[in-house]
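Descriptive analysis of the structure
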Amino acid sequence: MERAYPTIEILDIPVAALSTQDALAQIQRIYEHEGGGLVAYANAHTLNLAVTDPAYAGILRRAAIVLNDGSGIGLAARIKGRSFPANLNGSDLNPRILGLAAARGWPVYFLGARPGVAQQAAAAMTALHPALRVAGHRDGYWLPEDTSRVTETIRASGAGLLMVALGNPLQEKWLDQHLAATGARVGVGVGAFFDFAAGAVVRAPKWMNRWGIEWVFRLMQEPRRLWRRYVVGNPLFLARVLRARLRGSPPEA
Ligand code: UDP
C-alpha cells in the first residue's frame, strides 16, 4: 500500500514516522481529502498483541495511519537504525487531534469507557477547546445485539470524528467493522484516554513521561492486571524486534 508519509516497519506493521505537526496534517488530509479510515496507536503491548492476533495485525496494516506511542517502539526503531521524530503518545496527541477538530469544525463523538466517563472527557476537552463540537457520547458497555442501535445513534449525531475507548484490540476491531455504519469519516482508537481526560485515572508525572517510563506508573497503580503486559511484555517485544533484525531484515536507509 502506497502511503503519503514515511513509515518504519516494526514487527511487520508500518508505523508513521512523523513529527506531531505532520501527524496532525496527515489526519487532516485523511479526514478531508481521503476516504477517511482508522487512526491507531501502536506501542510495545499492542504490537505484541498483533503478533499473535493476525486479524488485528491486518487491521493495523490497512489502517489509514498507525502512530508510534511510547518509548518501547522508539527503541525498536533504533534497533533498525531508524528513529521516530516524536513520541506520539495518545495522552498528548488526542487533545491535539481534538484541537484540530475544533479548528476545522469536525463534529466529534466520544464512545467508550465506563458510564459517565466519556461525557466527562468531552466536557474536559470542551474546556480545553471551547470551539469543539461534541456530537454525542456514550459508554463502552452494551450488549452485542445493541450494536446497530449504537452505530445508528452515532450516524444520527452527524459525527465526523469518532473517538473510541474500548481497549486494544477491541476498539480497532470495532472500528474496522463498524466505522462505515456510523457515518463518521475517521475513527481513532484511544485506549484509556477518556479515563485520563476525565481525571478518573491519574496520569504519571511529566518526568516519567520524559524518561519513557510512564508504564512504570501505570503498573504501580494496577499491578495485578498490568504486570504481564509490561514486565513480561516489554522484554518480549524487544526480543521479537531483535530476532526480526537478526533474521536478516537489514537496517532501513
Ligand atoms: N472499555 C470499554 N468497554 C469494554 C472494555 C473496555 O468501554 O468492553 C474501556 C475501559 O473502561 C477503559 C478503556 O476501554 O476506559 C480502556 O480499557 P483498558 O484500560 O482495559 O484498555 P487497555 O489499557 O487494555 O488499552
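Below you will find a few notes about this structure.

Conventions adopted
Residues numbered from 1 in each chain as written. Predicted model: local features only at pLDDT ≥ 70, side-chain atom pairs only at ≥ 80, totals over all residues. Heavy atoms only, no water. Buried < 20%, exposed > 50% of the residue type's maximum accessible area, 1.4 Å probe, protein only. Helix = DSSP H or I, 4+ residues; strand = E, 2+ residues; numbered from the N terminus. Pairing = 2+ DSSP bridges. Phe/Tyr/Trp six-rings, centres within 6.5 Å; stacked < 30°, edge-to-face > 60°. Near = heavy atom within 4 Å. Polar contact = N/O pair within 3.5 Å; in protein donor to acceptor, adjacent residues only side chain to side chain. Areas by Shrake-Rupley, 256 points an atom, 1.4 Å probe, with all protein chains shown as cover. Nonpolar A, V, L, I, M, F, W, Y, C, P; charged D, E, K, R; others polar. Axes fitted to C-alpha atoms, helices over the stretch in contact; angles between N-to-C directions. Contact = heavy atoms within 4.5 Å. Lys, Arg positive; Asp, Glu negative; His and termini not counted. Salt bridge = Lys/Arg side-chain N within 4 Å of Asp/Glu carboxyl O.

Here strand β2 (residues 13–16) shows two buried faces, one formed by Ile 13 and Val 15 and the other by Pro 14 and Ala 16. The pairing of strand β1 (residues 7–10) with β2 spans four bridges and is classified as antiparallel. When the bridges of β2 are listed, Thr 7 appears paired with Ala 16.

Next up on the list: the packing of aromatic side chains. As enumerated under the stated definition, the model contains six aromatic pairs in all. Taking 5.5 Å as the distance between ring centres and 45° as the angle between the ring planes, the aromatic pair formed by Phe 110 and Phe 194 counts as tilted. Of this pair, Phe 110 sits in strand β5 (residues 107–112) while Phe 194 sits in helix α9 (residues 193–198), and the two are 84 residues apart along the sequence. We note that Phe 110, like Phe 194, is buried. With a centroid separation of 5.8 Å and an interplanar angle of 85°, the aromatic rings of Trp 207 and Trp 211 are classed as edge-to-face. For Trp 207, a relative accessible area of 41% corresponds to the partly exposed category. The exposed category is assigned to Trp 211, whose relative accessible area is 66%. Chaining the aromatic ring pairs together yields one cluster made of Phe 110, Phe 193 and Phe 194.

What follows deals with the site of the ligand. Inspection of the region around the ligand gives 15 residues, with Ala 113, Gly 140, Tyr 141, Asp 195 and Arg 229 positioned closest. At 2.8 Å from an oxygen atom of the ligand is found a main-chain nitrogen or oxygen belonging to Ala 113. In this structure, Arg 229 approaches the ligand through a side-chain N or O atom, which is 2.7 Å from an oxygen atom. Bound to the protein, the ligand loses 80% of the 520 Å² it would expose on its own. Taken together, the residues of the shell around the ligand break down into five nonpolar, five polar and five charged.

Turning next to the sheet that holds strand β8 (residues 186–189). If you walk across this open sheet you meet the six strands as β4-β3-β8-β7-β5-β6, and the pairing is parallel. Looking along the sheet, the strands with just one partner apiece sit at the ends: β4 (65–68) and β6 (133–138). Between one strand axis and the next, the sheet turns by 20° as a mean value, whatever way the strands run. Both strand β3 (residues 37–42) and β4 contribute to a ladder of four bridges, which runs parallel. Its bridge partner lying in β4, Tyr 41 is registered against Leu 67.

Okay, the environment of Gln 26 next. The topology assignment puts Gln 26 in helix α1 (residues 20–33). The buried category is assigned to Gln 26, whose relative accessible area is 12%. A C-alpha to C-alpha distance of 11 Å links Gln 26 and Val 66, two positions 40 residues apart in sequence. Residue contacts for Gln 26: discarding those within four places in its chain leaves Ala 4, Tyr 5, Leu 18 and Ile 65.

The topology assignment puts Glu 172 in helix α8 (residues 170–182). Salt bridges are absent for the buried Glu 172, whose nearest opposite-charge side chain, Lys 173, sits at 8.8 Å. Non-local contacts of Glu 172, meaning those with residues more than four positions away in its chain, are made with Leu 38, Ala 40, Tyr 56, Ile 59, Leu 60, Gly 167 and Gly 189.

Bringing the environment of Asn 68 into the picture now. Mapped onto the elements of the fold, Asn 68 is located in strand β4. A relative accessible area of 1% places Asn 68 in the buried class. Residues Asn 68 and Lys 206 lie 138 residues apart in sequence; the distance between their C-alpha atoms is 18 Å. Apart from the residues lying within four places of it in its own chain, the contact partners of Asn 68 are Val 15, Ala 16, Ala 42, Ile 73, Phe 84, Ala 86, Asn 87, Leu 88 and Asn 89.

Distances and angles like these do not, on their own, reveal function.
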